[in-house]
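Breakdown of the fold
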Amino acid sequence: QVQLVESGGGLVPPGGSLRLSCVASGIAFSDYHMGWYRQTPDNQRELVAGITRDSVTMYADHVKGRFTISRDNAKNTAYLQMNSLNPEDTAVYYCNGRWALNDYWGQGTQVTVSS
């Protein structure tokens, strides 16, 4: 059974930081491209950051310089370090793993940026 389990969300004041984790099981993690998405107020999922199986990274323009995606294949875990958070970053964040025809999602973790 494939599972992607996110953790690390919570309430943080503007300017604060959080680190999200996504632990995968049931897949050959090192084969997968991993991504972090967030749900927008109009219920669209937008890509925040991605990291390929070869650890090439990409970021949405609005998080460049603030967020860092990484992976630890030995721990089957992907991370999203989020710094300088602002209220517009408030959303449910989802982990995604993709390879060939396989496409898996976690259940999401809430991030709220508010004073």
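As a starting point, this report considers the structure included with it.

What counts, and at which threshold
Residues numbered from 1 in each chain as written. Predicted model: local features only at pLDDT ≥ 70, side-chain atom pairs only at ≥ 80, totals over all residues. Heavy atoms only, no water. Helix = DSSP H or I, 4+ residues; strand = E, 2+ residues; numbered from the N terminus. Buried < 20%, exposed > 50% of the residue type's maximum accessible area, 1.4 Å probe, protein only. Pairing = 2+ DSSP bridges. Phe/Tyr/Trp six-rings, centres within 6.5 Å; stacked < 30°, edge-to-face > 60°. Lys NZ or Arg CZ within 6 Å of the ring centre and 35° of its normal.

So, on to unusual backbone geometry. Phi angles above zero are rare outside glycine, and Asn76 is one such case at about 55 degrees. Residue position: Asn76 is located in the loop between strand E7 (67-72) and strand E8 (77-82). For Asn76, a relative accessible area of 27% corresponds to the partly exposed category. At Ser84, a residue that is not glycine, the phi angle is positive and equals roughly 50 degrees. Mapped onto the fold, Ser84 is located in the loop between E8 and strand E9 (91-99).

Our next topic: the pairing of E7. Covered by surrounding structure in E7 are Phe67, Ile69 and Arg71 only, the residues Thr68, Ser70 and Asp72 on the alternate face being uncovered. Pairing of E7 with E8, which is carried by 6 bridges, proceeds in the antiparallel orientation. Along E8, the bridge assignment pairs Ser70 with Tyr79. Here E7 folds back onto E8 in antiparallel fashion, the turn holding 4 residues, of which Asn76 has a positive phi close to 55 degrees.

Glancing now at the packing of aromatic side chains. For the coordinates displayed, the defined rule picks out 3 aromatic pairs. Centroid distance Tyr37 to Trp105: 4.9 Å. Interplanar angle 65 degrees. Geometry classified as edge-to-face. Taken together, the residues Tyr37 in strand E4 (residues 33-39) and Trp105 in strand E10 (residues 102-105) connect sequence positions 68 residues apart. What makes Tyr37 buried here is its relative accessible area of 14%. Taken together, the ring pairs connect Tyr32, Trp99 and Tyr104 into an aromatic cluster. Above the plane of the ring of Tyr94 lies Arg45, whose end atom (NZ or CZ) is 3.6 Å from the centre. Lying over the aromatic face of Phe29, Arg71 brings its terminal NZ or CZ to 4.7 Å of the ring centre.

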